[in-house]
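Below, each chain spelled out in residue letters.
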Amino acid sequence: MSDENKDTTPSDAPVSQGPLHGLLAEYEHPHQLVAACKKVRDAGYEKWDTYTPFPVHGIDKAMGIKMTSLPWLVLIAALIGLTTAITLQWWTNALDYRFISSGKPMWSIPANVPIYFELTVLFSAFAALFGMLALNNLPEPSHPLDHKRKFDKATDDRFFLYIECADELFDATDTRALLESSHPASLDEVNEDHSTSDRIPPAIIRTLIIAGAAALIPLAVFAKMRTSKSTDTRIHAMGDMDWQAKFKVQQPNPLFPDNMAMRAPEPGTVAMGDPVDDEHFSTGKLDGQFTRTFPQNFKLDDAAMARGKQRFEIFCAPCHGQSGNGDGMVAQRANTLAEGTWVPPTNLGLEYLRLMPVGQLFDSITHGVRNMPPYASQIAPQDRWAVILYLRALQKSKGAPVTELNDAERAALK
């Protein structure tokens, strides 16, 4: 904008005849400003500054600017943010609200690194912003230089040096002589601004009040939710994971000709690592007949028995019961409901099951039988044989003759 088109309100005339605020020297070239800075620096002035339309190389050194304390403020804020994040995650996850998620530990550093990073950066950013404002005495709505018309060229093609009279070394005569020795294009007095009100505009006050009140609404909602009880579901702001469009395994799916959402594996599909070449181990058959012996590569020991007991209690006991009598918790619940559609699970101690080949038991677990679903996708072949081993122990405990017991076991029966 040219000088002719500017508002005539700002001018070089003293503002409201206020007292002297400082001296403003104008230079046409950056090297003149740098030379003037060195003189003012060497003279020992502290409350002075320069204004240029672009960064001037070497101006920092010429002004004697020291390292600011802002990096230390940012470092301290970052450490506070990191400490806050660690305390927050430890307190909420490992102490105040212990919640097991997929068997993960209550507390671990790697799982919480994103929170550490985010709070560290957040605290650092706030420290950098507000620290910069505080160290520069900002915001400063008005300054006496705002009324110097020629000072507008600080964003165009002129370079300025300004010394405030608040400086301890400032003397109207000596300071003027110092600046005149640097051969400025002009040297002007700048008076205090007594024409601008020092009160915050009412519109800004109203805006801050409204924004502050609006910022309290979410906190009030959170406080109410924390201190009250309700049968209604709480607000679910991020429900995309829970309400995503999908088909569950037991639901119909019109996308396939058989209207089934759960798809069977392709014929011949095997899991990685399965011993597909061992027919006995992978099918329970030899030459098309169910076997009555365990596979050679399945080791019959206490570890296998313990593993079979664990798998049995997870996959079999809910229906068949801990002892295999067909009285698991699911069966008891179904009997209580008495809906008439429940088929009771089989008592695994029945005679025909005790005489059934282990290969056929393996096949039943793999492919399911009657209303029992297949467990091939949930129980690995090694664990299916372990379950059968434990089942054989259960069956033997129900029908073992007294003659097979030792003296101690017979004594325990009395």
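Residues numbered from 1 in each chain as written. Predicted model: local features only at pLDDT ≥ 70, side-chain atom pairs only at ≥ 80, totals over all residues. Heavy atoms only, no water.

Q: Residues and numbers for helix 8 (residues 302-320), please.
A: Here helix 8 contains 19 residues, and its C-alpha end-to-end distance of 23 Å is more than 12% below the 27 Å for a straight helix at 1.5 Å per residue. Along helix 8, the largest kink reaches about 50° and is centred on E313. Buried within helix 8 are the following residues: A304, G308, R311, F312, F315, C316, A317 and H320. The secondary structure elements touched by the buried residues of helix 8 are helix 9 (329-337) and helix 12 (381-399). Phi turns positive, to about 90°, at G321, one or two residues after helix 8. (Helix = DSSP H or I, 4+ residues; strand = E, 2+ residues; numbered from the N terminus. Expected span 1.5 Å × (residues − 1). Bend = angle between axes of the 7 residues up to and from the residue. Buried < 20%, exposed > 50% of the residue type's maximum accessible area, 1.4 Å probe, protein only. Contact = heavy atoms within 4.5 Å.)

Q: Quick rundown of the pairing of strand 3 (residues 159-164)? Include the residues and the values.
A: Strand 3 sits mainly inside the fold: five of its six residues count as buried. In this sheet, strand 3 lies alongside strand 2 (residues 48-51) in antiparallel orientation, the contact comprising four bridges. For T50, the partnering residue across the bridge sits in strand 3 and is L161. (Pairing = 2+ DSSP bridges.)

Q: Before we move on, could you go through the state of the cysteines and cite the residues and values that matter?
A: Enumeration over the complete set of coordinates arrives at zero disulfides. Just so you know, C37 is unpaired, no disulfide at all, and the nearest cysteine sulfur is the one on C165, 19 Å from it. On the accessibility criterion, C37 (0% relative accessible area) is buried. Between C319, a free cysteine, and C316, which holds the nearest cysteine sulfur, the sulfur-to-sulfur gap is 9.1 Å. (Disulfide = S-S within 2.5 Å.)

Q: Just give me the short version of the sheet that holds strand 3, but keep the residues and values in it.
A: With antiparallel pairing, four strands are arranged side by side in an open sheet as 2-3-1-4. Here the strands that pair on one side only, and so sit at the sheet edges, are strand 2 and strand 4 (186-191). Between one strand axis and the next, the sheet turns through 20° on average, direction left out of account. As paired strands, strand 1 (residues 20-27) and strand 3 are joined by six bridges and run antiparallel to one another. Note that in strand 3 the partner of L24 across the bridge is Y162. Docked against the sheet, helix 1 (residues 30-43) engages strand 1, strand 2 and strand 3, running at close to 20° with respect to strand 3. Packing of helix 5 (residues 172-180) onto the sheet brings it into contact with strand 1, strand 3 and strand 4, and relative to strand 1 it is tilted by some 10°. (Axes fitted to C-alpha atoms, helices over the stretch in contact; angles between N-to-C directions.)

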